[in-house]
Each structure stands twice: as C-alpha cells, then as structure tokens.
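# Results of the structural survey
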Amino acid sequence: MDKPLVTVICLCHNHEQLVERAIDSVYRQTHQPIELIVVDDASTDRSREVIEKLQKNHGFKAVFNDSNLGNCRSFNKAYKLSAGKYLIDLAADDELLPERIETGVAVMEKSGPEVGVHFCDAALIDETCKFLKTHYPRDRNGKLLAPVHDGDMYKILLEKYYISTPTMMMSRKVLDELGGYDEELSYEDFDFWVRSARKYQYRFTDAVLVNKCVLKKSLSAQQALYKNRHILSTVVVCEKALALNKSQEENEALWKRVTYELKWAMVTENWEAARRFLEIRQRIKSSLQNRFLEMLVRLKPRWYWLWSIWRK
C-alpha cells in the first residue's frame, strides 16, 4: 500500500543561522513521500540566499515574499500549493526528529475520521541547541510526571496553552474545512486549536519527536511587551470561542483564559483589548469584580513602567 504524502511547510523570517538545520531535518525523516515547501517571509538577513542554495540541492518548492506577510498569510500561500494528506507547520528555528512524520502517519492512518490532529512532546532547546527541558515535565528516566490529555481537547485548549505548536501534524480535511489559518490574526495556533478542536479529536504520542528552539523574540516572549499587538488577536479568538461554546464548563474554561489574558492586557496597557476581554467576562457572568476592573480600564493606570521596574 502506498504511504500518504505529507507536506511540511517551513516558514522562515530572519533565520539564516537555523533554517538549514530545519530543512535538513525534513530530509532525515524515515517516512516517504514528503513534500517540502519553504516560505521566506521577506527576511532581511541571508535567509533567502541559504534557502536558494539548499533548493538547488534538494529541489523543494520555495516561496519568497516581497513584503512581510506574517505567519498566517505565509502559511496559507504554501498550503494552497500543497498536496499532502497531512501537513506540518515547521518554523525555521525548529527541527523534526527522524521518526516524527512516520509516527504521526501511523497514528493518523489507524484513527477514525473524527481525529484531525496528532501531537507529541518536544525538547526545548536554546539557540546553541542546548537542551533546556521537555514541553511536558518528565522525571530523570524520561517518564511523564502527569498524563497528557488527548481526544476531545476543546475545553483544555480553550483554558490554557497545552500543546507545543511545532509538534502538530494536521489532517488536510481539517485545514480545508477551516479555510486554512485566519489571515486577519497575527498568530495562528490558538485560533486553529479552538476552531479545529470544536469538531475534531486530537491524538497524542508519548515521545519527544521535535526540537523546539526557545528564542528571546518568539511570540510567547512578546506577551510582556508594551502594547503587544498579538493580544488583539487573542481577543478575537476568545470572542469566537464564546460563540462556539456549548456548556457552562466551556464558559468556565474561557473565563479562566480571559482572566489570564486580561491581566496581561492591563499590565502592558492594551486598553482596547482589556475592554473587550471584560465584555467577554461580563457576557459569561456578571460580578462586582467586573465593575471594579471596568473602572480601572477607564482610568488607564500607567502600570507598565512599574511592572518593568519590579521585574528587574
């Protein structure tokens, strides 16, 4: 029986020192066939030069954006060119370990149509490839310290950051149904989790199959930046989730997420985002605390500089 084609979409922006490692990791996979599409999102370093040199050796597809489009639009450009039954969104600073695709395909091919995403554990490394820890805590022998949930993941993914994004392998049918990533957003994973998990189940493999590079300029590290623009995308996803919720338990999960994000919106003085987070909280349940928070948002206290001093 022919094995399914898997498409790896590698997104690069100013990763000239790391993109070759990411591309090489695709060609070290034990599974075949693989389609690789590399998108350079208007890098200002030597990334394009490195990619073009590797393209001559391997013959993969490459897309070079004339202007910086961001992750969502860049991924969608490659997704429309792709043909794989399954897809992986690989950042140019991350790395697939050799059995990552083979493992995911084996799980997905045995699963029913209700399963749309496979994920695994990741080793977190720094820019020098030094191991820091695993995404899911493990003991000295490599055993998970707590069970990792899979199956119906909607409530869990709504409440907190749970899956390491580069470990996901997505079924094409899911992306087709969603229309790819939402191009109005500045980042992709939270929205994809909410929209896909509402209908499709996830499957987990207890193995470290990806190296995720932890960079100081990553999206997650930008959460604490002054007026971080990404938090407005988070508001939009939370608003979508409220419309998708079907139970009080799901509303409680969203309440926890919104409360966490509201804290950062207020600390970083994203007052428009804070106002909209409060509206979501109020729609879930009214409280005296909401009224107090609304007063603070109207006053717009200058908290960021105080928090910055405290953090130092």
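Residues numbered from 1 in each chain as written. Predicted model: local features only at pLDDT ≥ 70, side-chain atom pairs only at ≥ 80, totals over all residues. Heavy atoms only, no water.

### A short note on the pattern of salt bridges
The test is simple: By salt bridge we mean one thing: a side-chain nitrogen of Lys or Arg within 4 Å of a carboxyl oxygen of Asp or Glu. Numbering of helices and strands starts at the N terminus; helices are DSSP runs of H or I of at least 4 residues and strands are runs of E of at least 2. Only protein chains enter the calculation, and the probe is 1.4 Å; a residue is then buried if its accessible area is under 20% of its type maximum, exposed if over 50%, and partly exposed in between.
Per the stated rule, a full pass over the model turns up 20 salt bridges. Close ionic contact of R195 with D191 constitutes a salt bridge, the shortest N to O distance being 2.9 Å. Residue R195 and its partner D191 are located together in helix α7 (residues 189-197), separated by four residues, close to a single helical turn. Judged by relative accessible area, D191 falls into the buried class, the value being 2%. Put simply, R275 and E279 hold a salt bridge, and the shortest N to O gap is 2.5 Å.

### Points about the pairing of strand β9 (residues 201-213)
The line we're drawing: Paired strands are those between which DSSP finds at least two bridges.
In this structure, strand β5 (residues 95-96) lies alongside β9, joined through two bridges in antiparallel fashion. In the strand pairing of β9, E95 is matched with N211. Here strand β6 (residues 115-125) pairs with β9 via 10 bridges, running parallel. Across the sheet, F119 pairs through a bridge with F204, a residue of β9.

### Things to note about the packing of helix α8 (residues 230-244) against helix α9 (residues 248-267)
This is how the line gets drawn: Structural elements are reduced to axes, namely lines fitted to C-alpha atoms, with helices fitted over the stretch in contact, and the angle between N-to-C directions of any two is expressed from 0 to 180 degrees. Should an angle lie under 35 degrees it is considered roughly parallel, over 145 roughly antiparallel, and from 65 to 115 roughly perpendicular; all remaining angles are considered oblique. Put simply, a crossing is left-handed when the front helix is turned counterclockwise from the back one by less than a right angle, and right-handed when it is turned clockwise. We call two residues contacting when some pair of their heavy atoms lies within 4.5 Å. Classification used: nonpolar for Ala, Val, Leu, Ile, Met, Phe, Trp, Tyr, Cys and Pro, charged for Asp, Glu, Lys and Arg, polar for all others including Gly.
In contact at an axis separation of 11 Å, α8 and α9 are set at 165° when each is read in the N-to-C sense. Comparing their axes, α9 and α8 come out roughly antiparallel. Crossing of α8 against α9: the hand is left-handed. Residues I231, T234, C238, A241 and L242 of α8 pack against N251, L254, R257, V258, E261, W264 and A265 of α9. Looking at side-chain class alone, the contact of α8 with α9 contains eight nonpolar, two polar and two charged residues.

### Focus on the environment of I9
By the element assignment, I9 lies in strand β1 (residues 6-12). For the pair I9 and A62, spaced 53 residues apart in sequence, the C-alpha to C-alpha distance is 9.7 Å. Residues contacting I9, with those up to four places away along its chain left out, are I37, F75, A78, Y79, L87, I88, D89 and L90.

### Things to note about the packing of aromatic side chains
Definition in use: A pair of Phe, Tyr and Trp rings is counted when the ring centres sit within 6.5 Å of each other, with Trp represented by its six-membered ring. The angle between the planes then sorts it: under 30 degrees is stacked, over 60 is edge-to-face, the rest tilted. We count a charge as sitting over a ring when the NZ of a lysine or the CZ of an arginine lies within 6 Å of the ring centre and within 35 degrees of the ring normal.
Taken as a whole and assessed by the stated rule, the structure comprises eight aromatic pairs. Ring geometry for F119 against F204: centres 5.1 Å apart, planes inclined by 45°, an arrangement best described as tilted. Here F204 lies in strand β9 and F119 lies in strand β6, a separation of 85 residues in the sequence. Owing to a relative accessible area of 0%, F119 belongs among the buried residues under this scheme. Assessed through its relative accessible area of 16%, F204 is described here as buried. By way of ring pairs, the aromatic residues F119, Y136, Y162, Y202 and F204 are connected into one cluster. The ring of F64 has R48 lying over it, and the distance from NZ or CZ to the ring centre is 4.1 Å. Here R257 stacks its cationic end above the ring of F190, 3.9 Å away from the centre of that ring.

### Concerning the side chain of D93
Rules: For the purpose of charge, His is not counted, nor are the chain termini; Lys and Arg are scored as positive and Asp and Glu as negative.
Relative to the helices and strands, D93 resides in the loop between β4 (86-91) and β5. Buried charge without a partner: D93 forms no salt bridge, and the closest opposite charge is K212, 6.4 Å away. The residues contacting D93, other than those within four sequence positions of it, are H15, L18, R21, C213 and L215.

### Describing the packing of helix α10 (residues 271-284) against helix α11 (residues 288-299)
Close contact between α10 and α11 brings their axes to 10 Å; oriented N to C, the two are set at 165°. Relative to α11, α10 is oriented roughly antiparallel. Crossing hand, α10 versus α11: left-handed. Between α10 and α11, the contacting residues are W271, A274, R275, L278, R281 and Q282 on the first element and Q289, N290, L293, E294, L296 and V297 on the second. Its residues assigned to classes, the contact of α10 with α11 shows six nonpolar, three polar and three charged.

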